[in-house]
Amino acid sequence: MASETARAVEAVLMVADEPVEPQLLAQLLELSPARVEELCEELAAAHETEDRGFVLVRVAGGWRFQSHPDLAAYVERFVLDGQPARLSPAALETLAIVAYKQPVSRAQVAVIRGVNADAVMRTLSQRGYVEEVGRDPGPGQAVLYGTSRLFLERLGVDSLTDLPPLGDFVPGPDVVEALERGLGADDT
Amino acid sequence: MVCGAGGGPAGIVLAVSYAVQTGVYEGPFDVLLHLILRDEVDLYEISLSRIVDGFLAYMDDVAAALDLEVTTEFLVIAATLVDLKARRLLPGPVDVEVDEELALFEQRDLLLARLIEAKTFRDAGKALEHMAQAASRSWARTAGLEERFVALAPDLLAGVSPADLHAAWVRVSSPAPPPPRVVLDHVAPIRVSMEEAVDDLMGRLPGAGPLTFRALTEGLADRIEVIVRFLAVLELYKQGLIEIGQAVTFGDLEVSWVGQAGSVPDEMDSYDG
């Protein structure tokens, strides 16, 4: 079948329970990270072609085996701990703000949302989706937050750059017009 | 949900529509976005007047239940909206200060910008949810605790040997608690000894005639020293070496030497501390 190195990659990734960075694989196999990436992509493509029940994906900065989404119904029944609870719209909005504006303080998040953000940020922190990433150099030394690796995993994204650009979500002219009208800004 | 259609006081109709709402609004932007961008409302039916009325009606309905911080946010926005509406109602640019007008427009534009931003992130949040849902259809191996939990739970049995466990069991199962001990180690010990007090008395009493106890304790700083001196006096009295007299009730004590010359007090109990 495949070369010794390809099989070694498969073996290591099979045992890992979180995404493995290509640099680590490169060290283990004494290959260059570029070659590791190549190998992983080849493997991923091969699994796809062979219609396996699992996929090799790049997520949160590393490679990992995951069950194929088509078979979610079966895996669901097997996985006993169930899905993590869904996030409320408020939490999702807040998470979006942190994701796109990080590093950002709680106060800044509150200004954008128009409401106090403490409770929601606490929830997101507890769930592990946001974490402290630094301090504001200004007065008060406010804590700055950013999204975590778990956040990337949960969204199935390799890195923050893989998030859709924020511009995609800026409301179109019809919405803006409606808002202008609503505030009486359409006359003067 | 009832839509404010045609005639009738728009404010009242909108107020009724909120009574039907089951959702909870997360703040003034939320309310405004909903008011302005509701699906059934035609673009041309959106009017500042209705928006403001709806906003104020919502505040009336809900204000009591909101906590102070959120209420303040609402009030600030409401003030701007009311100002905007009032300006609309003015017949013309009469008695309107340019500065005030500009300030009001600034506020309005700022509010508009913030609403746009709020809508942007609301939609972004929905997109993130879709991504998360799609990603949740694919599971990874989770061996053991998730990373974030491993750090939280300390190993409670770290460094515990079977001997420790045995000792713990012995402690638990042993019958009597240890007797309470009044620990006085922290009390600064004043080293006053009976012997010293007796020596002092022996030095002063023989041949000195009657001396008052007061004189014998003159210059002593601590009360404990006086007490020990008194005990020494009693001890010497017990041994018959001195006589104690008190002429008047509560009067001074007179201590007189009656012992033989050269007599030495016997061994006495010593009081420690």
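This text follows the structure it describes.
This one's a predicted model, so the numbers in the text were calculated from it and none came from an experiment.

Participant: How do you make sense of the overall build of chain A when you look at a structure like this?
Facilitator: Scanning chain A from N- to C-terminus turns up nine helices and five strands. Mapped from its N terminus to its C terminus, chain A presents α and β elements in the order α-α-α-β-β-α-α-β-α-α-β-β-α-α. For chain A, with 188 residues in total, the buried portion stands at 31%. Restricting to contacts in chain A with at least 6 residues of sequence separation, those with at least 24 account for 46%.

Participant: Just to check I follow, could you spell out the sheet that holds strand 1 (residues 211-212) of chain B for this structure?
Facilitator: Either a parallel or an antiparallel arrangement is found when strands of a sheet pair, and the pairing is made through backbone hydrogen bonds. What the three strands build is an open sheet, ordered 1-3-2 (chain B); its pairing is antiparallel. The open sheet has two edge strands with one neighbour each: strand 1 and strand 2 (242-246) of chain B.

Participant: Whenever I open this one, the sheet that holds strand 5 (residues 143-147) of chain A confuses me. Can you help?
Facilitator: Residues and elements named next belong to chain A. Read across the open sheet, the three strands follow the order 3-5-4; overall the sheet is antiparallel. Either end of the sheet is taken by a strand with one partner, and the two such strands are strand 3 (104-105) and strand 4 (130-135). In the sheet, strand 3 pairs with strand 5 via two bridges, with the strands oriented antiparallel. Within strand 5, the position partnered with S105 by the bridge is L144.

Participant: Sorry, what's going on with the interface of chain A and chain B here?
Facilitator: When the parts of a complex come together, some accessible area is lost, and that lost area is often used as the size of the interface. Each side of the interface is counted separately: chain A has 47 residues, and chain B has 49 residues. Secondary structure elements with two or more residues in the side of chain A that touches chain B: strand 2 (62-67), helix 4 (72-78), helix 5 (89-101), helix 6 (106-113), helix 8 (149-155) and helix 9 (173-182) of chain A. Broken down by class, the residue content of the side of chain A that touches chain B amounts to 28 nonpolar, 10 polar and nine charged.

Participant: Explanation requested: the pairing of strand 2 of chain A in the structure shown.
Facilitator: Remember that side chains alternate between the two faces of the sheet whenever the strand is regular. All names here are of chain A. Most of strand 2 is tucked away, with six of its six residues classed as buried. Because side chains alternate across strand 2, one face comprises the buried residues G62, R64 and Q66, and the other comprises W63, F65 and S67, equally buried. Two elements, strand 1 (residues 54-59) and strand 2, share six bridges in a ladder whose sense is antiparallel. Bridge pairing in strand 2 links F54 to S67. The hairpin formed by strand 1 and strand 2 contains two residues between the paired strands, and A60 there has a positive phi angle of roughly 50°.

Scoring rules and cut-offs
- Residues numbered from 1 in each chain as written.
- Chains lettered and ligands numbered in written order.
- Predicted model: local features only at pLDDT ≥ 70, side-chain atom pairs only at ≥ 80, totals over all residues.
- Helix = DSSP H or I, 4+ residues; strand = E, 2+ residues; numbered from the N terminus.
- Buried ≥ 20, exposed ≤ 12 C-beta atoms within 10 Å, placed from the backbone.
- Contact = placed C-beta atoms within 7 Å.
- Pairing = 2+ DSSP bridges.
- Nonpolar A, V, L, I, M, F, W, Y, C, P; charged D, E, K, R; others polar.

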